[in-house]
Amino acid sequence: METHFDAIQNAQPDISREKLKEDIRALVHDAEEMLKVTADNMNDKVKDARSRLTAALERAKASSHQLEDKAAAAAKATDRVIRAHPYESIGVAFGIGGVLGVLVGRK
């Protein structure tokens, strides 16, 4: 039996991705606030910095949306694989759990 888990292997959801998403959201919020505060300053250097910051904000928002889309796609792929092969999925989960139990139980 050949199984393809490319989407699942590339996804690897974990806490660091959630932390990264939270950090990006906080950065976007802070940057938007800074843009609002400096809106009345028309210095050339400030204008240049504002334009670079606006571009960086757009890239960060796009990256955040891409991460969310990839996570959703990986979850859907996982669900399809599990629904297509329920008994094999249970067996794999049982095997992984057994191996982890043995490794954790060693002293």
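None of these values were measured; they are calculated from a predicted model.

1. Thoughts on the overall build of the protein
Okay, step 1: Along its length, the protein carries four helices and zero strands.
Okay, step 2: From first element to last, N terminus to C terminus, the protein shows the α and β order α-α-α-α.
Okay, step 3: For the protein, buried positions account for 12% of its 107 residues.
Okay, step 4: Considering only residue pairs separated by 6 or more positions, the protein has 57% of its internal contacts joining residues 24 or more positions apart.
Okay, step 5: Just so you have it, the protein exposes about 8,800 Å², and 60% of that area is on carbon and sulfur atoms.

2. Points about the pattern of salt bridges
Okay, step 1: On inspection of all chains with the given rule, the structure shows one salt bridge.
Okay, step 2: When the shortest N-O distance is used, the salt bridge between Asp-79 and Arg-83 registers 2.9 Å. A residue pair is termed a helical-turn pair when its members lie 3 or 4 positions apart in one helix, as Asp-79 and Arg-83 do in helix H3 (residues 44-84) at four residues.
Okay, step 3: Under the relative-accessibility criterion, Arg-83 is labelled exposed at 64%.

3. Brief notes about a nonpolar patch on the surface
Okay, step 1: A surface patch of nonpolar side chains, amounting to about 460 Å² of accessible area, comprises Val-92, Ile-96, Val-99, Leu-100 and Leu-103.
Okay, step 2: Secondary-structure assignment places Val-92 in helix H4 (residues 86-105).

4. Quick look at the nonpolar core
Okay, step 1: Within the largest apolar cluster, six residues are counted, these being Ile-24, Val-28, Ala-31, Leu-35, Leu-57 and Ala-60.
Okay, step 2: Looking at this core, the elements that each hand over two or more residues are helix H2 (15-37) and H3.
Okay, step 3: Looking at this core element by element, the count peaks at four residues for H2.
Okay, step 4: Setting aside its immediate chain neighbours within four residues, Leu-57 contacts Val-28, Ala-31, Glu-32 and Leu-35.

5. Concerning the environment of Ala-39
Okay, step 1: With respect to the secondary-structure elements, Ala-39 resides in the loop between H2 and H3.
Okay, step 2: The spatial distance from the C-alpha of Ala-39 to the C-alpha of Arg-50 is 8.8 Å, given a sequence separation of 11 residues.

6. Overview of H3
Okay, step 1: For H3, spanning 41 residues, the distance from its first C-alpha to its last is 60 Å, which sits close to the expected 60 Å at 1.5 Å a residue.
Okay, step 2: Within H3, burial applies to Val-46, Leu-57, Ala-60, Ser-64, Ala-74 and Ala-77.

7. Here we look at the confidence of the model for the protein
Okay, step 1: Per-residue confidence for the protein gives a mean pLDDT of 79, with 85% of residues at or over 70.
Okay, step 2: Scored below 50 in pLDDT, residues 1-5 makes two contacts in the model with residues more than four places away or belonging to other chains.

8. Some thoughts on the side chain of Ser-89
Okay, step 1: Among the secondary structure elements, Ser-89 is positioned in helix H4.
Okay, step 2: Polar contacts involving the side chain of Ser-89 include one to the main-chain carbonyl oxygen of His-85, which spans 2.7 Å.
Okay, step 3: If we skip the residues at most four places from it in the chain, Ser-89 touches Val-81 and Ile-82.

Rules used in this analysis
Residues numbered from 1 in each chain as written. Predicted model: local features only at pLDDT ≥ 70, side-chain atom pairs only at ≥ 80, totals over all residues. Heavy atoms only, no water. Helix = DSSP H or I, 4+ residues; strand = E, 2+ residues; numbered from the N terminus. Buried < 20%, exposed > 50% of the residue type's maximum accessible area, 1.4 Å probe, protein only. Contact = heavy atoms within 4.5 Å. Areas by Shrake-Rupley, 256 points an atom, 1.4 Å probe, with all protein chains shown as cover. Salt bridge = Lys/Arg side-chain N within 4 Å of Asp/Glu carboxyl O. Patch = residues over 30% accessible without salt bridge, like charges linked within 9 Å, V, L, I, M, F, W, Y side chains within 5 Å. Core = buried A, V, L, I, M, F, W, Y, C linked by side-chain atoms within 4.5 Å. Expected span 1.5 Å × (residues − 1). pLDDT = per-residue confidence, 0-100. Polar contact = N/O pair within 3.5 Å; in protein donor to acceptor, adjacent residues only side chain to side chain.

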